[in-house]
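# Fold and geometry: a report
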Amino acid sequence: CGGDPHPNKYDAWHSPPKYYAAYSCTVPAQPPVNPSPVTGVCQTVARAENQFVHFGTDVEWNLGFGNLTFLADNSATGASTGKLGSQPFLGTVPAQIRWTSWSPDKVVETRLSSEQDSWLKWVVGVYWESQRSDSHSWQRPTVTGTNAPIGSDKVNDLLATTKAAYGQVTAPITDSFRILGGYRYNVDENYQQSTTFNIGKRTLVGAPSNTDFRYDQNSYKGSLEYDVSKDNMIYAQSATGFRPGNNTTDHFCQGKTSGHIYLPGDGTNAVLPANTGGGCIATTVNTAATAVGGTPGEALTPITTTTAIAPDSVKTYEIGSKNRFFGNKVQINVAAYYYKFDHLSGSLRTLSHDNTTNPTIQQLTGTKAYGGEIETNWLITSNDRIDFNLAYEPTKAGMNAFMEPLCYNYGIASHPQITTSTAGVINSVNFAACSAKNLAANPATVNWVRYRPAITKNDPLFHDPLWSGNISYQHIFDLASGASVTAKVGVHFESSAQEAPNYFLDGIQKAFHQTDASLTYDTTDGKWELSAWVKNIENIAVKIDAESTGTGTDYVYPVYDAPRTWGVNLTAKF
C-alpha cells in the first residue's frame with residue numbers, strides 16, 4: 001500500500017503506472033506490528049522468476065556399415081510470480097493472484113545412418129517424447145482474518161506424448177544432380193484436466209474439465225539439388241510440417257442450484273455486473289435467470305472448460321543457392337520461400353466468459369509467409385571473420401477461427417451484443433464506440449463491455465518483423481603458449497513488429513538493435529575454455545509479447561525480454 005514502489009527509478013522491467021491500475025486496499029490487523037487495519041492505495045508491479053534444468057546423453061557407435069546414435073534428454077522449466085511477486089499473499093483486499101508452473105520434458109531418440117562416404121546416403125530412426133505440465137493459479141478474493149487462506153486454486157495438469165518413425169534417402173542421378181525424399185509418421189496423444197479447489201474448505205469447485213485426444217500425422221520432404229561447380233549449388237524443395245495439437249481453456253460462471261452456465265445476454269444480473277470486479281464471486285442472479293434456464297437468487301461458482309485444438313500444419317516451398325568463393329574464404333547462401341499454413345496456433349490473452357483475463361490459444365487459418373534471406377560469412381584472415389545475415393518476411397495472418405470482433409454488453413437484456421467492426425477494421429475507435437452504445441442504452445448503469453479481439457486476414461503475424469538480421473565480427477589472438485583468446489561482438493536488429501492486435505495501444509515493438517559481446521580463452525590442448533559474455537549491452541527493453549489489461553481499456557501491458565545480462569562459462573572436455 002502507498003503507491004509506486006519505484007517512484008524515482010523507472011525502467012521497463014518495473015511496470016510504469018500506465019500499465020496497471022491503482023485501487024483502494026485494506027491490510028487486516030497484524031498484531032503486534034499493526035494492531036489495526038491499514039487502508040491505502042495499492043498498485044501492482046509484475047515480477048517473474050524462471051528456472052531451467054537440463055541434462056542428457058549422446059552415444060555414437062560406428063557399426064562398420066553405418067553409424068548408430070542414441071540420444072536421451074531430460075529438461076524442465078518452471079515459472080512463477082516469485083517470492084517478491086506482484087501479488088503475493090499479503091492479505092490485501094481486493095483479490096490477489098499467484099501463479100506457478102513446472103514442466104518436465106523427456107526425449108529419447110535412436111537413429112541409424114549411412115557412412116559419410118556412401119554413394120547412397122540414408123537415415124532411419126524412431127523418436128519418443130513425454131511432456132508434462134503442472135500449473136497452479138491461486139486466487140484469494142477475500143480475507144476474513146490475519147492468516148485466513150480463503151480463495152481457490154485452479155490446477156491444470158497436462159500429459160502429452162509423441163511417438164514417431166522416420167526415414168530419408170539421398171540418391172545421386174549423376175555426379176552433379178541428386179534427388180532427396182523423406183517421410184515421417186507421427187502419433188501425438190494429449191490429455192489435460194482442469195480443476196478448481198476451494199482452498200479454505202479443501203473441496204472441489206464444480207466438475208473437472210477433461211480433454212483426451214490423439215492425432216496421427218504424415219509429413220514428407222522432397223528436393224532436387226544440382227552442383228553448378230564444386231563450390232556452387234542450386235536447389236528446390238517442398239515439404240510439409242506440423243506442430244502437435246494443444247488445448248485451450250475458457251472460464252464460465254455456473255449456477256450452483258441450476259447448473260446453468262451464464263453467458264453474455266442472459267439478462268440483468270444474470271451475468272456479473274461491473275461492480276463485482278469480474279470473476280464468479282459471491283453474487284446472485286435475479287429473476288432474469290428463469291428465461292435462460294437459471295435459478296433466481298442462486299450463487300455462482302467458477303468452472304473451466306477445455307477444448308482440443310487440431311495440430312498446426314504447413315506446406316513449404318523454397319528455392320536457393322549455396323556458394324563459396326575465393327578459395328572458400330567467402331560463403332554466400334541465398335533463399336526465397338513461401339509458407340502456407342492450414343492451421344497456426346498462438347497464445348492471446350483475452351477475457352473469458354467469467355469476465356477474467358486469461359491466456360487462450362487462438363488458431364488461424366489461411367496464414368501465409370513468404371520472403372527471402374541472405375547469409376554471408378567472410379574469413380578475412382585466418383584470425384578474422386565477419387558473419388552477416390538479412391531476412392525479409394511479409395506475412396498475412398489469415399482468419400481467426402475462434403475469436404470474433406464482437407463487443408458484448410453485460411447486464412442489459414435488450415442489448416446483449418453489438419458488432420462494431422467495419423469492413424474488418426478493429427481498432428480503439430470502434431472499441432470506444434462499443435462502450436458508448438452500451439452506455440447510451442442505459443446511462444444510469446455502468447456495464448462491463450467485453451471486446452473480443454479479432455485478427456483480419458491481411459494483418460501481419462504477431463512477433464514477426466518485416467526486416468531482421470545479424471552482423472558480427474570476431475578476432476582470434478594467438479598466444480605464445482599456444483593458447484588463444486577470441487574476442488567477438490555482434491549486433492542484432494529488427495524493424496518494428498506487432499506484439500498485440502492492432503487496435504490495442506502500446507502493442508508495437510519499435511525498430512531496435514541489441515549488441516552482444518564475449519571474450520573466450522582456450523587452452524593449448526583444447527580441453528579447457530573460459531568465456532565471459534554480456535548480452536543486450538544497450539539495456540534495451542524489447543517487447544516479446546503484449547497482453548490485454550482487461551475490460552474497459554484498449555491498453556496492453558508488455559512482456560519484455562531480458563535486460564542487460566552478463567555471465568561467465570567454464571567448459572571442460574575429457
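Predicted model only: the values in this text are computed from it and were never measured.

## Some thoughts on the confidence of the model for the chain
On average, the chain scores 76 in pLDDT, and the residues at 70 or more come to 66%. Note that pLDDT drops below 50 for residues 17-21; the model gives that stretch 15 contacts with residues more than four away or on any other chain. Across residues 401-431 the pLDDT falls below 50, and counting only partners more than four positions away or on other chains, this stretch makes 92 contacts in the model.

## Here we look at the environment of Ser133
Mapped onto the elements of the fold, Ser133 is located in strand E6 (residues 121-140). Residue classification places Ser133 among the partly exposed residues on the basis of a relative accessible area of 21%. On a C-alpha basis, the gap between Ser133 and Ser101 in space is 7.0 Å, while along the polypeptide they are 32 residues apart. With near-sequence residues (within four places) excluded, Ser133 lies in contact with Trp102, Ser103, Asn156, Asp157 and Leu158.

## Section: the pattern of salt bridges
Throughout the structure, instances matching the rule amount to 8 salt bridges. Where Arg385 meets Asp387, a salt bridge forms, and the shortest distance between an N and an O atom there is 2.8 Å.

## Digging into unusual backbone geometry
Of note, His463 is a non-glycine position whose phi angle comes to about 60 degrees, a positive value. Structurally, the position occupied by His463 is in the loop between strand E23 (449-451) and strand E24 (467-478). Phi angles above zero are rare outside glycine, and Asn539 is one such case at about 60 degrees. Along the chain, Asn539 falls in the loop between strand E29 (528-535) and strand E30 (543-548). In this structure Asn539 comes out as partly exposed when scored by relative accessible area, which is 29%.

## Remarks on the environment of Thr565
Here Thr565 lies in strand E32 (residues 565-572). Distance in space between the C-alpha atoms of Thr565 and Asp516 is 9.5 Å, their sequence separation being 49 residues. Every residue in contact with Thr565, bar those within four places of it in the chain, is listed here: Trp533, Val534 and Lys535. Separated by 2.8 Å, the side chain of Thr565 and the backbone oxygen of Pro563 make a polar contact.

## A short note on a nonpolar patch on the surface
A grouping of Phe477, Leu479, Tyr521, Trp528, Leu530, Trp566, Val568 and Leu570 is seen on the molecular surface, where their side chains present a nonpolar patch of about 880 Å² in accessible area. Breaking the nonpolar patch down by element, the ones donating at least two residues are E29 and E32. Broken down by element, the residue count for the nonpolar patch peaks at 3 residues, all from E32. The topology assignment puts Leu570 in strand E32. Looking at Leu570, the relative accessible area reads 60%, which means it is exposed.

## A short note on the sheet that holds strand E13 (residues 300-309)
What the 3 strands build is an open sheet, ordered E12-E11-E13; its pairing is antiparallel. If you trace the sheet from one side to the other, it starts and ends with strand E12 (261-262) and E13, each paired once. Summarising the sheet, strand E11 (residues 246-255) and E12 pair through 2 bridges and their orientation is antiparallel. Paired with Gln254 across the bridge in E12 is Ile261.

## Considering the side chain of Thr69
When you line up the elements, Thr69 lands in strand E4 (residues 66-80). Among all residues touching Thr69, those that are not within four sequence positions of it are Asp58, Val59, Glu60, Glu109, Thr110 and Arg111.

About the thresholds
Residues numbered from 1 in each chain as written. Predicted model: local features only at pLDDT ≥ 70, side-chain atom pairs only at ≥ 80, totals over all residues. Heavy atoms only, no water. pLDDT = per-residue confidence, 0-100. Contact = heavy atoms within 4.5 Å. Helix = DSSP H or I, 4+ residues; strand = E, 2+ residues; numbered from the N terminus. Buried < 20%, exposed > 50% of the residue type's maximum accessible area, 1.4 Å probe, protein only. Salt bridge = Lys/Arg side-chain N within 4 Å of Asp/Glu carboxyl O. Polar contact = N/O pair within 3.5 Å; in protein donor to acceptor, adjacent residues only side chain to side chain. Patch = residues over 30% accessible without salt bridge, like charges linked within 9 Å, V, L, I, M, F, W, Y side chains within 5 Å. Areas by Shrake-Rupley, 256 points an atom, 1.4 Å probe, with all protein chains shown as cover. Pairing = 2+ DSSP bridges.

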